[in-house]
Amino acid sequence: KQEVTQIPAALSVPEGENLVLNCSFTDSAIYNLQWFRQDPGKGLTSLLLIQSSQREQTSGRLNASLDKSSGRSTLYIAASQPGDSATYLCAVYDTGKLIFGQGTTLQVKP
Amino acid sequence: DTGVSQNPRHKITKRGQNVTFRCDPISEHNRLYWYRQTLGQGPEFLTYFQNEAQLEKSRLLSDRFSAERPKGSFSTLEIQRTEQGDSAMYLCASSWGTGTSSGNTIYFGEGSWLTVV
């Protein structure tokens, strides 16, 4: 059974810092991995999709990497801003559905 | 393209009542998913459709839960005889995919909040 874990559960940083969010999964036989952002009380916004054959994807200040063999992905956020404050969720696509981690709640202080 | 639309956004109901949520996916998407999320947790998979066929149901989806997707367009999720433990946000998502693999982004709606009192 696929399990996804995100560490840390919460993170607080001053504005301008670069930071890394971690995601690990137990079964490396995944099709792809998605990173999402969720604001309080809202739905999920897709940030990046990494196919199983890819090692990384970039969008603006965000860079996500994937290492299938070790069952790990990281989301790197450069030059963090208060508007980046949200919960970040990673999810692996496993035979027909996404399986989510519990998320990392990020607070960026001005 | 207006994205995934969910209605109602909020529902408060008394224990024992039935509730129904509706999801309108992105128009060209053939796959539709339902998830449930409680506070502080990641979304949990409930079920998904490819066109009108319901391909998988989670064990979380008890007999009180039923989902339909007539004609492969919008979908409804009905909860019968609601219990306080059903209080959660119900998320709908859609994508384009074939077979068991999908290389495509899955897009989520804003969710429907259910409070059972």
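Coordinates for the structure precede this section.
Residues numbered from 1 in each chain as written. Chains lettered and ligands numbered in written order. Predicted model: local features only at pLDDT ≥ 70, side-chain atom pairs only at ≥ 80, totals over all residues. Heavy atoms only, no water.

Novice: Just to check I follow, could you spell out the sheet that holds strand 3 (residues 19-24) of chain B for this structure?
Specialist: Strand pairing within a sheet occurs via backbone hydrogen bonds; the two strands may be parallel or antiparallel. All names here are of chain B. Spatial strand order, 1-3-8-7: four strands in an open sheet with antiparallel pairing. Edge positions in the open sheet fall to strand 1 (5-7) and strand 7 (65-68), since each of these has one partner strand only. Averaged over all pairs of adjacent strands, the angle between their axes in this sheet comes to 15 degrees, without regard to strand direction. As paired strands, strand 7 and strand 8 (residues 75-79) are joined by four bridges and run antiparallel to one another. Each residue of the ladder has a partner; that of E68, found in strand 8, is T76. (Pairing = 2+ DSSP bridges. Helix = DSSP H or I, 4+ residues; strand = E, 2+ residues; numbered from the N terminus. Axes fitted to C-alpha atoms, helices over the stretch in contact; angles between N-to-C directions.)

Novice: Before we go on, may I ask you to explain the nonpolar core in this structure?
Specialist: It is characteristic of soluble globular proteins that their nonpolar side chains tend to be buried jointly. If you look at the biggest cluster of nonpolar residues, it comprises 23 residues, and the most contacted ones within it are L33, W35 and L75 of chain A. Mapped onto this core, the elements with two or more residues apiece are strand 3 (19-25), strand 4 (32-38), strand 5 (44-51), strand 7 (62-67), strand 8 (72-77), strand 9 (86-94) and strand 11 (104-109) of chain A. Here L33 of chain A is in contact with C23, F25, L48, L49, I50, L66, S73, C90, A91 and V92 of chain A, once residues within four sequence places are set aside. In terms of nonpolar packing, the next biggest core, distinct from the first, is built from 19 residues, V19, F65, A88 and Y90 of chain B among them. (Core = buried A, V, L, I, M, F, W, Y, C linked by side-chain atoms within 4.5 Å. Buried < 20%, exposed > 50% of the residue type's maximum accessible area, 1.4 Å probe, protein only. Contact = heavy atoms within 4.5 Å.)

Novice: How should I be thinking about the side chain of Q37 of chain B in this particular structure?
Specialist: Looking at the element boundaries, Q37 of chain B is found in strand 4 (residues 31-37). With a relative accessible area of 7%, Q37 of chain B lands in the buried category. Here Q41 of chain B takes part through its backbone oxygen, which lies 2.9 Å from a polar atom of the side chain of Q37 of chain B. Residue contacts for Q37 of chain B: discarding those within four places in its chain leaves Q38, L44 and L89 of chain A together with G42, P43, A88, M89 and L91 of chain B. (Polar contact = N/O pair within 3.5 Å; in protein donor to acceptor, adjacent residues only side chain to side chain.)

Novice: Teacher, can you tell me more about the pairing of strand 7 of chain A here?
Specialist: Side-chain direction in a regular strand flips from residue to residue, so the side chains alternate between the two faces of the sheet. Residue and element names in this part refer to chain A. By the bridge criterion, four bridges tie strand 6 (residues 56-59) to strand 7 in an arrangement that is antiparallel. Within the sheet, the bridge partner assigned to Q57 lies in strand 7 and is A64. Bridge analysis of strand 7 against strand 8 gives six bridges, and the strand direction is antiparallel. Across the sheet, the residue bridging to D67 is R72, located in strand 8. The antiparallel pairing of strand 7 with strand 8 creates a hairpin that spans four residues between the two strands, and G71 there sits at a positive phi of about 70 degrees.

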